[in-house]
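# A closer look at the structure
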Amino acid sequence: MSALDDFRIARWVKRLNRTIQILLSLTLAIALNLIAAKHFMREDITRNHRYSLAPETLAYLQQIEEPIRIIVTEPTNANSPELAEIFADIQNLLREFQYASRVNGKQMLRVDYINIYKDSLATEELVRKYNVKPAEEAQIVVVVTSGDEYTEVYLTDMYRDTAVDEKVFTGEQAITTAVLDVMRPDKTMLYFTTGHSEMNLEDVGERRGLSQMATFLRKRNYRAKELDLTQVAEAPEDASVIIVAAPQLGFLPEEQEILRQYLDKGDGRLIVLLDPAIPHGLDDLFYDWGVLADDMIVLEASDNFVASGGDMLVAKFAEHPTTDYILKNQLKGKFGLSRPVRIDPGSPLDDRLQAVELVGSSAMSWGERNYRNESSKYDQASDLAGPVSLAVVSERVTGSDLGLDLQGGKLAVFGNSTWLGNSKFNIGANPILFNNVLNWMLERDEMVNIPPQVIERHQLLISQDEAFQIYLRLLTLPGGVALVGMLILMLRRR
Amino acid sequence: MRHFFTLLLHEIRMLLIAPASYVAAVLFLMLMTFVYYFYLNAAASEPSDHTVGVWFFQAFWIPVCFMIPLLTMKSIAEERRLGTLETLMTTPATALQIVLSKFLSSYFFYIFLWALTIPFPFIVHYYIGESVPLSLLFNHASMIGGYSFIAISGLLYIAVGIFASSMTRNQLVAGMLSFCILFVMILAGALMLKVPIIDTQWILQSYDIVNYINSFEHLEDFSRGVLDSRPLFLYGSMTMLLLGITTLIVESKA
């Protein structure tokens, strides 16, 4: 008789066999979960893809090279439902950020939630390293860090009230901006021309102030500087975009030449905002780029295109990377009194020049040439028939013998400047259009927009009596099951 | 396979004609009715960005902790106590088929019970009318997600119950064991981060693992309408593991 046939040994072999089977199964389960944790799918099936990140955010998160850490302090006031909701919004958002920030299976963004009373080390780190002082009533602090760079995101940046019972959550925008801020310390430089009474970034005035735009640019990780073209021989090398914001005096030919050189030789990018009835001195430059800014004003006769305050509503957008989101969501922009800016029919033919009339007024509007005589009737002989183009974007594509297309300069001319002024900057499609034009110029088309999320809050209109009646009706379900049970019991007894 | 289906049909038939099943079903529905009523009142008392459905699913662990032990404690423990398990093992049916038939019958019944809660929003809407739109009560994404989570997590929870039942001859012990395992499994992840100790830095280090197994984290995603493939793997693989171990236990103890 062999030793294996011995009863005791056979039992041990069986036990060993089972243990090995369990261990192998456990290993398989762990391995499967490790793989699943790294390669997974998430599908947001909500109607408006409420919990999905914007393509812009996803594109940025995929570009993370150095690990990013986000520290969030938990609300310490347990009796505040509002804080709890804010915290939940932030948690939901950051969860998606974490999932989307996996680059080649590696988690590039980590989120730490800390309780300032329990996590003494992390709290100390917040105070010492990041200069943040989470006090008892300070509630929720969000700090985004990467290496030595860090920035704090304020709750005021994450919410915007639009109505009494409606909040707009702009957390994605705020945190993406912060991530960019720590990710790319070298910021994009925008130059604003001066010397012609242009609109100013520090001006908080309603109509000609650009302080709202300044905040917008800061949040988007742009830096802005002033540029006096009379003081320089050529445009600065670090100029990503030059913006001419509503000059009240004409540009000198030398200044125009600097801008022309910047566009032609330096693959420059120029945004020009014009006011009607004011000469700007850039006609020759526009001619080269196939743009014509007529000395007219656009008068709108359609009530559907005039806002209650008398401003022009712009709802006609051409198909262009800068208007995709606006067209998809049928948004409207709000402009002030404008001059026509259209493709110059007389400009020299150039295959490399691509110009698009971006924004237009209604078919019932017209370009009034004789506006100084206070005439407000369409004159077929002299006026421009509607719809009138209010903006043109023009770009030059440089071809080569190899068949490659290389980007050349880009120019955007708008026949109105107040749409970017403080009073209208945050209205409708205005900030989106501006942002998209900037991104298009900087060839960041895939990173066009982060739409804010409207947080819909509902309250059921049910009285206490109705609720009790509902409760009684809901009880019909267990009642029905109990009845079926009793019937079966009776049948079985028979 | 023929033996398996014979066993499965038998198990389902036994569940459907057992008075205990109906007692459990009535208790389950009464509890869920109360839970729904409670959240309905909450939704009527103040505005919220969540629908009643999202809140309703947050209470999933309450019926899980008491229903699953009730449903499964008898399955193998009773067979062993009565000595019928040995008889079953002498038939052409394998231990795996026996375990699977018990598992699937309990699982179908569990899913059937949850399916009975689907009419809740419709009953409310039918009574109240258009003043409470159905979309506020029955959000498709939330409902699909919530019930998907119930279906996926139910696999593991039922497997735990069957496993507990295979460990002992005593139904009560099996029920208590099942309750304890489920309680720890569901609430451990959530509670771990709320442990009242001074410094939780060590927990933060394992935050990813805790998050990965935290049922509430998965439910949070699913009930909002965000479907994720990872819980599917977690619950699926753990179910298979537990059913495998249960089969080995049945084989060894029969």
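Residues numbered from 1 in each chain as written. Chains lettered and ligands numbered in written order. Predicted model: local features only at pLDDT ≥ 70, side-chain atom pairs only at ≥ 80, totals over all residues. Heavy atoms only, no water.

## Quick word on the overall build of chain B
Along its length, chain B carries 15 helices and one strand. The buried share of chain B, reckoned over its 254 residues, is 58%. Restricting the contact set of chain B to residue pairs at least 6 apart, pairs at least 24 apart contribute 79%. For chain B, the accessible area works out to roughly 10,400 Å², and carbon and sulfur atoms hold 74% of it. (Helix = DSSP H or I, 4+ residues; strand = E, 2+ residues; numbered from the N terminus. Buried < 20%, exposed > 50% of the residue type's maximum accessible area, 1.4 Å probe, protein only. Contact = heavy atoms within 4.5 Å. Areas by Shrake-Rupley, 256 points an atom, 1.4 Å probe, with all protein chains shown as cover.)

## A short note on the pattern of salt bridges
One side chain can pair with another of opposite charge once the charged atoms of both are near each other. Counted by the stated rule, this structure contains 21 salt bridges over all chains. Linking R42 of chain A and D221 of chain B is a salt bridge whose minimum nitrogen-to-oxygen distance equals 3.0 Å. With one member in each of two chains, R42 of chain A in strand β1 (residues 42-44) and D221 of chain B in helix α14 (residues 215-224) form a pair that bridges those chains. K102 of chain B is the salt-bridge partner of E11 of chain B, the closest N and O atoms lying 2.7 Å from each other. Here K102 of chain B lies in helix α7 (residues 95-115) and E11 of chain B lies in helix α1 (residues 2-17), a separation of 91 residues in the sequence. (Salt bridge = Lys/Arg side-chain N within 4 Å of Asp/Glu carboxyl O.)

## A look at unusual backbone geometry
All names here are of chain A. A positive phi angle, close to 60 degrees, is found at S197, a residue other than glycine. Take S197: it is sitting in the loop between β10 (188-193) and α7 (211-219). Judged by its relative accessible area of 45%, S197 falls in the partly exposed class. The phi dihedral of A277 falls on the positive side, at around 65 degrees, and the residue is not glycine. Checked against the element boundaries, A277 lands in the loop between β13 (269-273) and α9 (283-288).

## Observations concerning the packing of α7 of chain B against helix α10 (residues 140-167) of chain B
Residue and element names in this part refer to chain B. Viewed as axis vectors pointing N to C, α7 and α10 meet at an angle of 140 degrees, and their least axial separation amounts to 9 Å. Here α10 runs oblique to α7, going by the angle between their axes. The hand of the α7/α10 crossing is right-handed. Of α10, the residues touching α7 (which contributes V99, K102, F103, S106, Y107, Y110, I111 and W114) are Y147, I150, A151, I152, G154, L155, I158, A159 and I162. By residue class, the composition of the contact of α7 with α10 is 14 nonpolar, two polar and one charged. (Axes fitted to C-alpha atoms, helices over the stretch in contact; angles between N-to-C directions. Parallel < 35°, antiparallel > 145°, perpendicular 65-115°, else oblique. Left-handed = near helix turned anticlockwise from the far one by under 90°. Nonpolar A, V, L, I, M, F, W, Y, C, P; charged D, E, K, R; others polar.)

## Brief notes about the interface of chain A and chain B
With 60 residues of chain A in contact, the opposing surface of chain B contributes 66 residues. In total, about 5,800 Å² of surface goes out of reach between chain A and chain B, with carbon and sulfur atoms giving 63% of it. When the area that chain A buries against chain B is broken down by residue, the three leading residues are K118, L460 and L474 of chain A, summing to 12%. Across the chain A-chain B interface, the total number found is four salt bridges. Across the pair R95 of chain A and D221 of chain B runs a salt bridge, and its minimum N-O distance is 2.7 Å. Linking chain A to chain B there are 11 residue pairs in polar contact (both at pLDDT 80 or more). Put simply, the parts of the chain that give the side of chain A that touches chain B at least two residues each are α1 (7-38), β1, α3 (81-100), β5 (109-114), α4 (120-128), β25 (453-456), α12 (464-474) and α13 (476-493) of chain A. Counting residues per element, the side of chain A that touches chain B draws most heavily on α1 of chain A, at 10 residues. (Buried area = accessible area lost by both parts, 1.4 Å probe. Polar contact = N/O pair within 3.5 Å; in protein donor to acceptor, adjacent residues only side chain to side chain.)

## With respect to empty space enclosed by the protein
Residues and elements named next belong to chain A. On inspection of all chains with the given rule, the structure shows four cavities of 30 Å³ or more. As a volume, the largest cavity reaches approximately 130 Å³. If you go around the largest cavity, you meet 14 residues; those closest to its centre are Y51, D89, N92, F169 and Q453. Secondary structure elements with two or more residues in the lining of the largest cavity: α3 and β25. (1 Å grid on protein atoms, 1.4 Å probe; cavity = no way out; pocket = protein on both sides within 12 Å on 5 of 7 lines; lining within 4 Å. Points joined across faces, edges and corners; volume = space filled by probe spheres on them.)

## Some thoughts on the packing of aromatic side chains
All names here are of chain B. Tallied over the entire structure, the rule returns 26 aromatic pairs over all chains. An angle of 40 degrees between the planes, with centres 6.0 Å apart, marks the rings of Y39 and W55 as tilted. You can see Y39 sitting in helix α2 (residues 19-45) and its partner W55 sitting in helix α3 (residues 52-58), a full 16 residues away along the chain. Judged by centre distance (4.9 Å) and plane angle (90 degrees), the rings of F57 and Y147 are edge-to-face. Placement of the pair is F57 in helix α3 and Y147 in helix α10, with a sequence separation of 90 residues. Assigned by exposure class, F57 and Y147 land together as buried. Members of the aromatic cluster, connected to one another through ring pairs, are F28, Y36, F56, F57, W114, F120 and Y147. (Phe/Tyr/Trp six-rings, centres within 6.5 Å; stacked < 30°, edge-to-face > 60°.)

## Side note on the environment of M67 of chain B
Residues and elements named next belong to chain B. By the element assignment, M67 lies in helix α4 (residues 61-72). Owing to a relative accessible area of 0%, M67 belongs among the buried residues under this scheme. Placed 39 residues apart in sequence, M67 and F28 show a C-alpha to C-alpha distance of 7.1 Å. With residues up to four places along the chain from it excluded, the contact list for M67 reads A24, F28 and L113.

## Thoughts on the sheet that holds strand β2 (residues 68-73) of chain A
What links the strands of a sheet is backbone hydrogen bonding, and the strands pair in either a parallel or an antiparallel sense. All names here are of chain A. In space, the four strands of this open sheet follow the order β5-β2-β6-β7, with mixed pairing throughout. Either end of the sheet is taken by a strand with one partner, and the two such strands are β5 and β7 (149-153). When the angles between neighbouring strand axes are averaged without regard to direction, this sheet yields 20 degrees. Pairing geometry for strand β6 (residues 142-146) and β7, over five bridges, is antiparallel. Paired with T145 across the strands is Y150, a residue of β7. Here helix α6 (residues 171-183) sits on the sheet and contacts β2, β5, β6 and β7; the angle it forms with β7, its principal contact strand, is near 165 degrees. (Pairing = 2+ DSSP bridges.)

## Description of the nonpolar core
Ranked by internal contacts, the top residues of the largest apolar core, which has 87 residues, are L460 and I462 of chain A together with Y36, L40, F56, F60 and W114 of chain B. Sort the elements by how many residues they give to this core and α2 of chain B lands first, with 14 residues. Non-local contacts of Y36 of chain B, meaning those with residues more than four positions away in its chain, are made with L474 of chain A together with V52, F56, F120, P121, V124 and L137 of chain B. One finds I243, F317, F434 and V437 of chain A within the second-largest nonpolar core, a separate group that totals 44 residues. (Core = buried A, V, L, I, M, F, W, Y, C linked by side-chain atoms within 4.5 Å.)

## Section: the state of the cysteines
Chemically, a disulfide is nothing more than a covalent bond linking the sulfur atoms of two cysteines. If you walk through the whole model with that rule in mind, you get zero disulfides over all chains. For the unlinked cysteine C65 of chain B, the closest cysteine sulfur is that of C180 of chain B, found at 9.7 Å. (Disulfide = S-S within 2.5 Å.)

## Some points on the sheet that holds strand β15 (residues 297-299) of chain A
Residue and element names in this part refer to chain A. Strand order across the open sheet formed by three strands is β15-β21-β22, with antiparallel pairing between neighbours. The open sheet has two edge strands with one neighbour each: β15 and β22 (384-385). Pairing between β15 and strand β21 (residues 366-368): three bridges, direction antiparallel. The residue bridging I297 from the neighbouring strand is E368, located in β21.

## Observations concerning the pairing of β6 of chain A
Residues and elements named next belong to chain A. The buried count for β6 comes to five of five residues, which makes it a mostly enclosed element. Pairing between β2 and β6: four bridges, direction antiparallel. Its bridge partner being in β6, V72 is matched across the sheet by V142. Between β6 and β7, which pair antiparallel in sequence order, lie two residues; one of them, G147, sits at a positive phi of approximately 60 degrees.

## What about the side chain of E79 of chain B?
Residues and elements named next belong to chain B. Secondary-structure assignment places E79 in helix α5 (residues 77-82). In this structure E79 comes out as buried when scored by relative accessible area, which is 16%. Within the local environment of E79, its side chain forms a polar contact with the side chain of T84, the two groups lying 2.6 Å apart. When near neighbours in sequence (up to four residues on either side) are disregarded, E79 contacts E11, K74, T84, L85, L88 and K102.

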